[in-house]
Amino acid sequence: MSISVSEFYSGKNVLITGGTGFIGKLLIEKLLYSCDSLNRIYCLIREKDGHNADERLNEITSCKVFDKLRKKDPNFRDRLCPISGNILEKDLNISNNVLNELKEKVNLVFHLAGTADLDLDVKTSLLTNVHGLRQVLDLSKNFSNLEAFVHISSIYANCDESFIDEKIYASDVEPQKVLNLLEWMEDDWLKLGTKKLIENKPNTFAYTKWIGETLIEKEACDLPIVIIRPSTVGASWKEPFAGWVEKSSGPCDIFIAAGRGYLRSMKGEGQAVLDIVPVDVVVNLIISAAWNRAINTKKSILADENSKFHIYNCTTGGLNPFRWGEMGMPTLID
């Protein structure tokens, strides 16, 4: 007998990496707001600018996106457990006591940590999006009650394909061989060789997300994997309120500048599609995909039945395309 999403999350313990990011904040809010009986969310947060994990979590939960939840449950913070750690370190640099607790209690892992910087140098991007992913995967293999591991990739990881199916387009190069370059090649040589290394990918972000998916296929077949591939993530559609966005997220700065009249013109192809998906749509998919992976282990609702993994492309361009030219207003000339 099937159970609802909220029923499934009752009593569950969740580990989230990247909870301080744009998607991560809304994921935390949505889980706590819609899953009343969720037991605990462990938030892996690295120390930054002299602020520890607890202080950074307090700062996050004080923002406007949590106002609706605050009215419903003033004590929601009690279900959040900040953990000091770093995805680049073995066992995420988590203390032994906390590590033992996670191994015993965690049911679901949502891995959102990573970089979405398109112009980041290839070394930093590989360390964060590939090596960091491996560290989280390796730790999760020790979780005795794991029901789903959700990895946030990107539709642009496979943007050089003419049609992107919900499957992994693995690289012919072993991910470890790519990571080995970081150990012996000097940074200047890596920068010079970046264009050749990333092949047909437009930037280091797309390349490292692609290598990350290859890593999952090579090294995580024994885990209950879900891969979510959003396109450009934009402002919320409905939840927690319409139009919520962080100050620098995707093309929103362009929209704001155009709406206020600061940006009067922009050179480009007006018929080109900007594939942008609301952040709350992405979050709802993340939550429901983990539910589906746990209760329906044999196949995904949408993905290839023969796939070992549940993979979901989360885009709008094919169904409701938004074209850059729609931002402009027609000009009448006498």
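Here, every reference points to the structure presented above.
An account of the accompanying structure is given in this report. Please read all numbers here as calculations on a predicted model, not as lab measurements. (Residues numbered from 1 in each chain as written. Predicted model: local features only at pLDDT ≥ 70, side-chain atom pairs only at ≥ 80, totals over all residues. Heavy atoms only, no water.)

All right, on to the overall build of the protein then. When you go through the protein residue by residue, the secondary structure sums to 12 helices and 9 strands. A globule of 334 residues ought to have a C-alpha radius of gyration of about 20 Å, and the protein, at 20 Å, matches this closely. In terms of principal-axis extent, the alpha carbons of the protein reach across some 70 × 55 × 50 Å. Within the protein, the fraction of its 334 residues that count as buried is 46%. About 17,300 Å² of surface is accessible on the protein, with carbon and sulfur atoms providing 49% of the total. Placing the 39 positive and 45 negative side-chain charges of the protein at their respective mean positions leaves the two points 2 Å apart. (Helix = DSSP H or I, 4+ residues; strand = E, 2+ residues; numbered from the N terminus. Rg over C-alpha atoms; globule rule 2.2 N^0.38 Å. Buried < 20%, exposed > 50% of the residue type's maximum accessible area, 1.4 Å probe, protein only. Areas by Shrake-Rupley, 256 points an atom, 1.4 Å probe, with all protein chains shown as cover. Lys, Arg positive; Asp, Glu negative; His and termini not counted. Charge placed at Lys NZ, Arg CZ, Asp CG, Glu CD.)

Moving on, we come to the state of the cysteines. What the rule picks out here adds up to 0 disulfides. You can see Cys-81 has no disulfide; the closest cysteine sulfur is in Cys-43, sitting 8.1 Å from it. (Disulfide = S-S within 2.5 Å.)

This brings us to helix α7 (residues 175–184). Buried residues of α7: Pro-175, Val-178, Leu-179, Leu-181 and Leu-182, and no others. An end-on view of α7 places all buried positions within 135° of arc, on one side of the element. Exposed residues lying more than 90 degrees from the buried face of α7 are Lys-177, Glu-183 and Trp-184. (Arc of directions from axis to C-beta.)

Once that is clear, we can look at the pairing of strand β6 (residues 225–230). Within β6, 6 of the 6 residues are buried, leaving the element largely enclosed by the surrounding structure. A two-sided burial pattern is seen for β6, the buried positions comprising Ile-225, Ile-227 and Arg-229 on one face and Val-226, Ile-228 and Pro-230 on the other. Pairing of strand β5 (residues 148–152) with β6 involves 4 bridges; the strand directions are parallel. Across the sheet, Ile-152 pairs through a bridge with Ile-228, a residue of β6. Note that β6 and strand β9 (residues 310–314) share 5 bridges and pair parallel. Across the sheet, Val-226 pairs through a bridge with His-310, a residue of β9. (Pairing = 2+ DSSP bridges.)

With that settled, the discussion passes to the environment of Phe-110. Here Phe-110 shows up in strand β4 (residues 108–111). As a C-alpha pair, Phe-110 and Val-150 span 40 residues in sequence and 4.8 Å in three-dimensional space. Ignoring anything within four residues of it in the chain, the contact list for Phe-110 reads Tyr-9, Val-14, Leu-15, Ile-16, Thr-17, Leu-27, Leu-31, Val-150, Ile-286 and Ala-290. (Contact = heavy atoms within 4.5 Å.)

For the coordinates displayed, the defined rule picks out 4 aromatic pairs. In this arrangement the basic side chain of Lys-64 is found over the ring face of Phe-241, its NZ or CZ atom lying 5.2 Å from the centre. (Phe/Tyr/Trp six-rings, centres within 6.5 Å; stacked < 30°, edge-to-face > 60°. Lys NZ or Arg CZ within 6 Å of the ring centre and 35° of its normal.)

Put simply, Glu-239 and Pro-240 share a cis peptide bond, and its omega is -5°. Look at Asp-91: it is not a glycine, yet its phi comes out positive at around 55°. Relative to the assigned elements, Asp-91 resides in the loop between β3 (80–84) and α5 (96–105). Assessed through its relative accessible area of 24%, Asp-91 is described here as partly exposed. The phi dihedral of Glu-199 is positive, around 55°, even though this residue is not glycine.

It is the contact of helix α6 (residues 122–140) with helix α10 (residues 204–219), at a shortest axis distance of 9 Å, that shows an interaxial angle of 25°. Considering their axes alone, α6 and α10 lie roughly parallel with respect to each other. The crossing of α6 and α10 is right-handed. Contacts between α6 and α10 pair Val-122, Ser-125, Leu-126, Asn-129, Val-130, Leu-133, Arg-134 and Leu-137 from the former with Thr-204, Phe-205, Tyr-207, Thr-208, Lys-209, Ile-211, Gly-212, Leu-215, Ile-216 and Glu-219 from the latter. Considering only residue class, the contact of α6 with α10 consists of 10 nonpolar, 5 polar and 3 charged. (Axes fitted to C-alpha atoms, helices over the stretch in contact; angles between N-to-C directions. Parallel < 35°, antiparallel > 145°, perpendicular 65-115°, else oblique. Left-handed = near helix turned anticlockwise from the far one by under 90°. Nonpolar A, V, L, I, M, F, W, Y, C, P; charged D, E, K, R; others polar.)

This part covers the nonpolar core. Counting residues in each nonpolar core, the largest one holds 47 residues, and the members touching the most others are Tyr-9, Leu-27, Leu-31, Ile-41, Phe-110, Ile-228 and Ile-286. The leading source of residues in this core is helix α12 (residues 279–295), at 10 residues. Sequence-distant contacts of Ile-41, defined by excluding residues within four places in its chain, comprise Val-14, Ile-16, Ile-28, Leu-31, Leu-32, Arg-79, Leu-80 and Cys-81. Of all hydrophobic cores here, the second largest spans 43 residues; its members include Tyr-42, Ile-87, Leu-179 and Leu-223. (Core = buried A, V, L, I, M, F, W, Y, C linked by side-chain atoms within 4.5 Å.)

Among the 6 residues of strand β2 (residues 40–45), 5 are classified as buried, and the element is accordingly described as predominantly covered. Bridge analysis of strand β1 (residues 13–17) against β2 gives 5 bridges, and the strand direction is parallel. Within β2, the position partnered with Val-14 by the bridge is Ile-41. Of the crossover connections in this fold, the one passing from β1 over helix α2 (residues 22–34) to the parallel β2 is right-handed. The pairing of β2 with β3 spans 5 bridges and is classified as parallel. Note that in β3 the partner of Tyr-42 across the bridge is Cys-81. (Right-handed = clockwise from strand over helix to strand, strands pointing away.)

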